[in-house]
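Listed below are the residues making up each chain.
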Amino acid sequence: AQPGDRVRLLHSDTDDGEVCARLVQAYLKRRMNLDDTGLDRVAGLQVDNAALFRREGVPNLLRVVMAEGDRCGWTGLVLNATGGFKAAIPYMTLAGMFFAVDVAYIFDNGRELIRVPRLPVDFDTARLAPFLAALDRMEAEGAISERDFWGATPFEERRHFDCLIETDGSGLAT
């Protein structure tokens, strides 16, 4: 980051996450002369409740990333997955792939920024079309029944799309 850059610190839905983000924010302001910094507490992003993490934390993390990408037009956006909340790293990496933005990471005791290259990944929207209404409903309601999600999808075709949902054995899909 350089003076003039905008930095959003996304942090877990914990007091420890907020304290760490505030310390990083203070460092960025004092040591790197970055004035345009802000904090975003991501509701549900915690590791004590796996169902809450899946149902609210991950979707909220992706909403914040998408809102920031939309705000800046995705130009010059870099997702830095460093910060100690390891459960979020795969989701930030996938977001970088799907939105074609750089993802960066610094190992625990490292000083060098490692960039994950952009990959030519895209959605086959025509193939996802039968699930879009269910995905919209899932986003609005948080969870829907597996039966409602699958609709008339033949059982043998489901293996191609089961990555779109998570289930916890209760019959609900998130």
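Small disclaimer: the values here were computed from a predicted structure and weren't measured. Counting starts from 1 at the beginning of each chain's written sequence and moves along it residue by residue. Whole-chain, interface and lining totals are the exception, using all residues; otherwise, since this is a predicted model, local features are given only for residues with pLDDT of at least 70 and side-chain atom pairs are given and counted only at 80 or more. Calculated side-chain values reflect all of the structure's heavy atoms, with hydrogen atoms and water omitted.

Asks: Break down the sheet that holds strand 3 (residues 78-80) for me, with residues and values.
Replies: We treat two strands as partners when DSSP finds at least two bridges between them. Numbering of helices and strands starts at the N terminus; helices are DSSP runs of H or I of at least 4 residues and strands are runs of E of at least 2. Across the sheet, which stays open at both edges, the three strands sit in the order 3-4-5 with mixed pairing between neighbours. Two strands bound the open sheet, and with one partner strand each, they are strand 3 and strand 5 (114-116). Strand-to-strand twist across the sheet, computed as the mean angle between neighbouring axes with direction ignored, equals 30 degrees. Here three bridges tie strand 4 (residues 102-105) to strand 5, and the two strands are oriented antiparallel to one another. Looking across to strand 5, one finds that A104 is bridged to R115. The contact rule is simple, with two residues in contact once any of their heavy atoms fall within 4.5 Å. For helices, the axis comes from a line fit to the C-alpha atoms of the stretch in contact; other axes are also lines fit to C-alpha atoms, and the angle between any two N-to-C directions lies between 0 and 180 degrees. Helix-sheet contacts for helix 3 (residues 89-98) involve strand 3, strand 4 and strand 5, and the interaxial angle to strand 4 is about 150 degrees.

Asks: I'd like to hear about the packing of helix 2 (residues 50-72) against helix 3, residue by residue, with values.
Replies: Running from N to C, helix 2 and helix 3 cross one another at 40 degrees; their axes reach a closest spacing of 11 Å. With respect to each other, helix 2 and helix 3 are oriented oblique. Seen from above, helix 2 lies across helix 3 with right-handed handedness. The residues of helix 3 that touch helix 2, namely those facing F53, V58, L61, L62 and V65, are Y91, M92 and A95. Class assignment of the residues belonging to the contact of helix 2 with helix 3 gives a composition of eight nonpolar, no polar and no charged. By definition in this entry, angles of less than 35 degrees are roughly parallel, angles greater than 145 are roughly antiparallel, angles of 65 to 115 are roughly perpendicular, and the rest are oblique. Crossing handedness: left-handed means the near helix sits turned counterclockwise from the far one by under a right angle, and right-handed means the same turn made clockwise. Residues are grouped as follows: nonpolar covers Ala, Val, Leu, Ile, Met, Phe, Trp, Tyr, Cys and Pro; charged covers Asp, Glu, Lys and Arg; every other residue, Gly included, is treated as polar.

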